[in-house]
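Analysis of the macromolecular model
What follows is each chain in one-letter form.
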Amino acid sequence: MPRRFFKRIVGQHRQLGDRWYLRPVQALLHDPALWTTHRRSVCKAFASGVFIAFLPVPGHVLLAVIVAIYWRFNIGIAAATTFISNPITFAPIVLAEYQLGRWLTGAPPGDSTFEMSWAGLVNGLSGLWPALAVGALTTATLLSAIAFFGLNGVWRWSAVRRYRSRGGSRYRRV
């Protein structure tokens, strides 16, 4: 079941070669390891997508694709998983990460005054970044580990259930 589900999500990767904007990296996209829907590839891609989704950096999808190409696991799953952090959920996620980072580092609450200028952005947020970085890395690491082991467990459970349901006394549990 998980394999069929992820094959539908990934879609037809052969159509990507026709896109003009992907011609510079077309040789990389024909690597079969980047499109497989095997358990190891999908679990790694899912976990990396979750990790990247919880980092407060721009360009989640592009970062997920670069990581997937470098480590050679499923591009589509890694890119799709980053949409956990979308414009609706981004602010609550960053706020929760900041609060966790503040709690872990023992930092005092940041100044809430903010000036809408480049200097105000740099100076106003400079005290917030250490707590946010600690909170974001902690959250991303924990949730990506939960995602990896959770999906791996569901995948194995599904495979064992399907294997046992094939019939035959040899495969049945006594």
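Summary of the structure given here. Per chain, residues are indexed from 1 in the order of the written sequence. Local features are withheld for residues below a pLDDT of 70 in this predicted model, meaning they are given only at 70 or higher, and side-chain atom pairs are given and counted only at 80 or more; totals for whole chains, interfaces and linings count all residues. Excluding hydrogens and water, the side-chain values take into account all heavy atoms of the structure.

**Thoughts on helix 6 (residues 90–105)**
For the α-helix, the turn length of 3.6 residues means that residues three or four positions removed from each other point alike. To qualify as a helix, a DSSP run of H or I must reach at least 4 residues; to qualify as a strand, a run of E must reach at least 2; elements of each kind are numbered from the N terminus. Here the expected length of a helix is defined as 1.5 Å per residue gap, with one fewer gap than residues. Relative to the 22 Å expected for 16 residues at 1.5 Å per residue, helix 6 spans 22 Å between its end C-alpha atoms, a close match to the ideal helical length. When accessible area is computed with a 1.4 Å probe and restricted to protein chains, residues below 20% of their type maximum are described as buried, those above 50% as exposed, and intermediate ones as partly exposed. Listed as buried for helix 6 are Ile93, Val94, Glu97, Tyr98 and Gly101. Along the axis of helix 6, the buried positions cluster into a sector of 135 degrees, meaning they face one direction only. Exposed and facing more than 90 degrees away from the buried side of helix 6 are Ala91 and Trp103. When checking whether two residues touch, look at their non-hydrogen atoms; a contact exists if any pair is within 4.5 Å. On the buried face of helix 6, the contacting elements are helix 8 (129–164). Just downstream of helix 6, Gly106 is the residue with a positive phi angle, here 75 degrees. Working note: the arc is built from the helix axis to C-beta atom directions.

**Things to note about the packing of helix 3 (residues 39–53) against helix 8**
Simply put, an axis is a line fit to the C-alpha atoms, just over the touching stretch for a helix, and the angle between two N-to-C directions goes from 0 to 180 degrees. Taken N-terminus to C-terminus, the directions of helix 3 and helix 8 make an angle of 155 degrees; their axes are 8 Å apart at the nearest point. Considering their axes alone, helix 3 and helix 8 lie roughly antiparallel with respect to each other. Note on packing geometry: the crossing formed by helix 3 with helix 8 is right-handed. Along the contact surface, helix 3 presents Arg39, Val42, Cys43, Lys44, Phe46, Ala47, Val50 and Phe51, while helix 8 presents Leu137, Ala140, Thr141, Leu143, Ser144, Ala147, Phe148, Leu151, Asn152, Trp155 and Arg156. Asp, Glu, Lys and Arg are counted as charged, while Ala, Val, Leu, Ile, Met, Phe, Trp, Tyr, Cys and Pro are counted as nonpolar; the rest, among them Gly, fall into the polar class. Across the contact of helix 3 with helix 8, the residue classes tally to 13 nonpolar, three polar and three charged. Orientation is classified from the angle alone, with under 35 degrees giving roughly parallel, over 145 giving roughly antiparallel, 65 to 115 giving roughly perpendicular, and any other angle giving oblique. Crossing handedness is read from the near helix: turned anticlockwise from the far helix by less than a right angle, it gives a left-handed crossing, and turned clockwise, a right-handed one.

**Digging into the side chain of Thr81**
Among the structural elements, Thr81 can be located in helix 5 (residues 75–81). Residue class for Thr81 comes out buried when judged on its relative accessible area of 6%. Each residue touching Thr81, except ones within four places of it in the same chain, is listed here: Phe46, Gly49, Val50 and Ala53.

**Quick notes on the environment of Asn74**
If you trace the backbone, Asn74 turns up in the loop between helix 4 (60–71) and helix 5. Look at Asn74 and you get buried, because its relative accessible area is 0%.

**Considering the nonpolar core**
Throughout, nonpolar core names a set of buried Ala, Val, Leu, Ile, Met, Phe, Trp, Tyr and Cys residues whose side chains join them through atoms within 4.5 Å. By size, the foremost hydrophobic cluster in this structure holds 14 residues, and its most contacted members are Val42, Ala45, Ala68, Phe73, Ile75 and Ala78. Counting residues per element, this core draws most heavily on helix 3, which supplies four residues. In this structure, Ala45 is in contact with Phe73, Asn74, Ile77 and Ala78, ignoring residues within four places of it in sequence. Among the nonpolar cores identified, the runner-up in size contains seven residues, and Val50, Ala53, Phe54 and Ala147 belong to it.

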